[in-house]
Amino acid sequence: MSSENSSADDEQRVWDVVVVGAGPAGASAAYAAAVAGRSVLLLEKAELPRYKTCGGGIIGPSRDALPPGFELPLQDRVHAVTFSLDGKFTRTRRSKQMLFGLINRPEFDQQLVEHAQKAGAELRTGVTVSRVEQHGSAVPDRRTVAVVLQGGEAVLARAVVGADGSASRIGAHVGVKLDQVDLGLEAEIPVPETVAEDWQGRVLIDWGPMPGSYGWVFPKGDTLTVGVISARGEGAATKRYLEDFIARLGLAGFEPSISSGHLTRCRAEDSPLSRGRVLVCGDAAGLLEPWTREGISFALRSGRLAGEWAVRIAEAHDAVDTRRQALNYAFAIKAGLGVEMAVGKSMLAAFERRPGMLHAAITSFRPAWRAFAGITRGSTTLGEMVRSHPMAGRALSALDRRSAVVAPTDAESTATTE
């Protein structure tokens, strides 16, 4: 598709959709637009594959959002979860069915990009986007957006999808507003075979010492991904939590191959998801589950929706139709992921006030464990659970109101369910 302007501008290609960022959200958006038969350019500032700070848990909603034929590069299959409350009251719950899978992000992201390429998307790596312009000298007409790269090159498109992470420049252009910012710290720790075998098929979730914080151990072959997360502003305390957590696990003697940190950002409820012909998705839109800060499933699902609606925006001939399609995209996000985020915020508020109560429920109350297992497998979501089971909503409200903290005995125990 060429520019509507004459002379030199005719020589510059105008893409139907340009996607900025080649993580799960961007690759999903590029795939969705390319499958629809549109010309798609996927821009990524890094060279692929690249490391990302991420636990790498693939829950049911993530699996369901993958392209047809996608084979997950699983490092482990989780059938058991050990829960602890700041290192105490440890209990392991087991399931005969797989709860979720564990992946390394470099391989996972690379495969997603390859699926987008096979669908017809073109990839450019090593390019940094400076800004987006929807008016001005770089924009030849009202149906075109200019994505300006570092160095001054302008890439033209009928629609742009911003999937450039939690520090998104496209998100800043759209005006994304944030309601919650958290700091995650993580270490990739190679371990001997005997240690790896002890963790195989099992993860640890530790409800942490600071309000809303928790830690995790995710086994991936001969490496354990160990991390913690808490509210931004508690950087020193978060670092101490990670150090104490690693020491308590008996892993302090092993040298991490990678130590990293990352800020996760949750959108405010009234935050915009578009501006003109530009949409945002995934971390760039502040879309993730506020309680667990799980973001991969939100990235995959919102990316697919963004790609589908970017196609419609690319076809829009005027501002009215563009606005209509952008509003439809926002409605689709809010009706699904927005509901899950609202429930997640309530869960986080309850967890911040009563971590012991939540720990007791999930380790000792079978319906709570079944709900956790159902969410991780993908047979339900937080939003569906509250919508379909009024008792769950009442229980969440009650959990938030309860003033007493109930915790199980300080002993290791194991329960097998289902």
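Please read these numbers as outputs of a predicted model, since none were measured by experiment.

Describing the overall build of the protein
- Within the protein one finds 12 helices and 19 strands.
- Evaluated residue by residue, the protein yields a buried proportion of 55% over its 418 residues.
- Carbon and sulfur atoms make up 50% of the accessible area of the protein, which amounts to about 17700 Å² in all.

Points about the nonpolar core
- Val 18, Phe 108, Val 147 and Tyr 329 are the most contacted members of the largest nonpolar core, which totals 69 residues.
- Among the elements that line this core, the one with the most residues is helix H7 (residues 296-315), at 11 residues.
- Ignoring sequence-local partners within four residues, the contact set of Phe 108 consists of Pro 24, Ile 58, Leu 66, Phe 70, Leu 72, Pro 73, Ile 103, Ile 296 and Leu 300.
- Membership of the second largest hydrophobic core comes to 29 residues, among which are Phe 89, Val 343, Ala 371 and Ala 373.

Section: the packing of aromatic side chains
- Under the defined criterion, the tally for this structure stands at 12 aromatic pairs.
- In this structure an aromatic cluster arises from ring pairing among Phe 83, Trp 207, Tyr 214, Trp 216, Trp 291, Phe 351, Trp 369 and Phe 372.
- If you follow Arg 202 out to its NZ or CZ, it ends over the ring of Trp 199, 4.3 Å from the centre.
- In this arrangement the basic side chain of Arg 301 is found over the ring face of Phe 298, its NZ or CZ atom lying 5.1 Å from the centre.

Re the sheet that holds strand S4 (residues 76-78)
- On the basis of which strands lie adjacent, the open sheet formed by 3 strands has the order S3-S7-S4 and antiparallel pairing. Every other strand in the sheet has two partners, leaving strand S3 (57-58) and S4 as the edge strands with one partner each.
- As defined by bridge partners, S3 adjoins strand S7 (residues 100-102) across 2 bridges and the pair is classed as antiparallel. Pairing of Gly 57 across the sheet is with Leu 102, part of S7.

Overview of the pairing of strand S13 (residues 202-207)
- Of all 6 residues that make up S13, 6 are buried, and the element is covered over most of its length.
- Burial of the side chains of S13 extends over both faces: Arg 202, Leu 204 and Asp 206 are buried on one face and Val 203, Ile 205 and Trp 207 on the other.
- Here 6 bridges tie strand S5 (residues 80-85) to S13, and the two strands are oriented parallel to one another. Of the residues in S13, the one forming a bridge with Ala 80 is Arg 202.
- The pairing of S13 with strand S14 (residues 214-220) spans 4 bridges and is classified as antiparallel. Bridge pairing links Asp 206 to Gly 215 in S14.
- Hairpin connection from S13 to S14: 6 residues lie between these consecutive antiparallel strands, with Gly 212 at a positive phi of about 80°.

As for the pattern of salt bridges
- All chains considered together, the criterion is met by 16 salt bridges.
- We note a salt bridge from Asp 179 to Lys 345, for which the minimum N-O separation is 3.2 Å. Of this pair, Asp 179 sits in strand S12 (residues 178-190) while Lys 345 sits in helix H8 (residues 319-353), and the two are 166 residues apart along the sequence.
- Asp 179 sits in the partly exposed class, given a relative accessible area of 49%.
- Between Asp 182 and Arg 293 there is a salt bridge, and its shortest N-O distance comes to 3.2 Å. With Asp 182 in strand S12 and Arg 293 in the loop between strand S18 (278-280) and H7, this pair connects stretches of sequence that are 111 residues apart. Accessibility assignment for this pair places Asp 182 and Arg 293 in one class, buried.
- Several salt bridges share partner residues, and in doing so they unite Glu 44, Arg 50, Arg 105 and Asp 109 into one network.

Brief notes about unusual backbone geometry
- A cis geometry characterises the amide bond from Leu 48 onward to Pro 49, with omega recorded as -5°.
- Mapped onto the elements, Pro 49 comes out in the loop between strand S2 (40-44) and S3.
- Even without being glycine, Asp 86 reaches a positive phi, approximately 50°.
- With respect to the helices and strands, Asp 86 occurs in the loop between S5 and strand S6 (88-95).
- For Arg 293, which is not glycine, the phi dihedral falls at a positive 60°.

Some words on the packing of helix H9 (residues 355-364) against helix H10 (residues 366-377)
- The interhelical angle for the contact between H9 and H10, taken along N-to-C directions, is 85°, at an axis separation of 5 Å. In terms of their interaxial angle, H9 and H10 are classed as roughly perpendicular. Note on element contacts: H10 touches H9 through Arg 366, Ala 368, Trp 369 and Phe 372, opposite Ala 361, Ile 362 and Ser 364.

So, the side chain of Asp 182
- In this structure Asp 182 comes out as buried when scored by relative accessible area, which is 3%.
- For Asp 182, the side chain forms a polar contact with the main-chain nitrogen of Ala 231, separated by 3.5 Å.
- Residues in contact with Asp 182, not counting those within four places in the same chain, are Ile 229, Ser 230, Ala 231, Arg 232, His 262, Leu 263, Thr 264 and Arg 293.

Digging into the confidence of the model for the protein
- Summary statistics for the protein give a mean pLDDT of 91 and a share of 90% for residues scoring 70 or more.
- Scored below 50 in pLDDT, residues 1-10 shows 19 contacts in the model against residues more than four places distant or in partner chains.
- Between residues 403-414, whose pLDDT stays under 50, and residues either more than four places distant or in other chains, the model counts 27 contacts.

Cut-off values and rules
Residues numbered from 1 in each chain as written. Predicted model: local features only at pLDDT ≥ 70, side-chain atom pairs only at ≥ 80, totals over all residues. Heavy atoms only, no water. Helix = DSSP H or I, 4+ residues; strand = E, 2+ residues; numbered from the N terminus. Buried < 20%, exposed > 50% of the residue type's maximum accessible area, 1.4 Å probe, protein only. Areas by Shrake-Rupley, 256 points an atom, 1.4 Å probe, with all protein chains shown as cover. Core = buried A, V, L, I, M, F, W, Y, C linked by side-chain atoms within 4.5 Å. Contact = heavy atoms within 4.5 Å. Phe/Tyr/Trp six-rings, centres within 6.5 Å; stacked < 30°, edge-to-face > 60°. Lys NZ or Arg CZ within 6 Å of the ring centre and 35° of its normal. Pairing = 2+ DSSP bridges. Salt bridge = Lys/Arg side-chain N within 4 Å of Asp/Glu carboxyl O. Axes fitted to C-alpha atoms, helices over the stretch in contact; angles between N-to-C directions. Parallel < 35°, antiparallel > 145°, perpendicular 65-115°, else oblique. Polar contact = N/O pair within 3.5 Å; in protein donor to acceptor, adjacent residues only side chain to side chain. pLDDT = per-residue confidence, 0-100.

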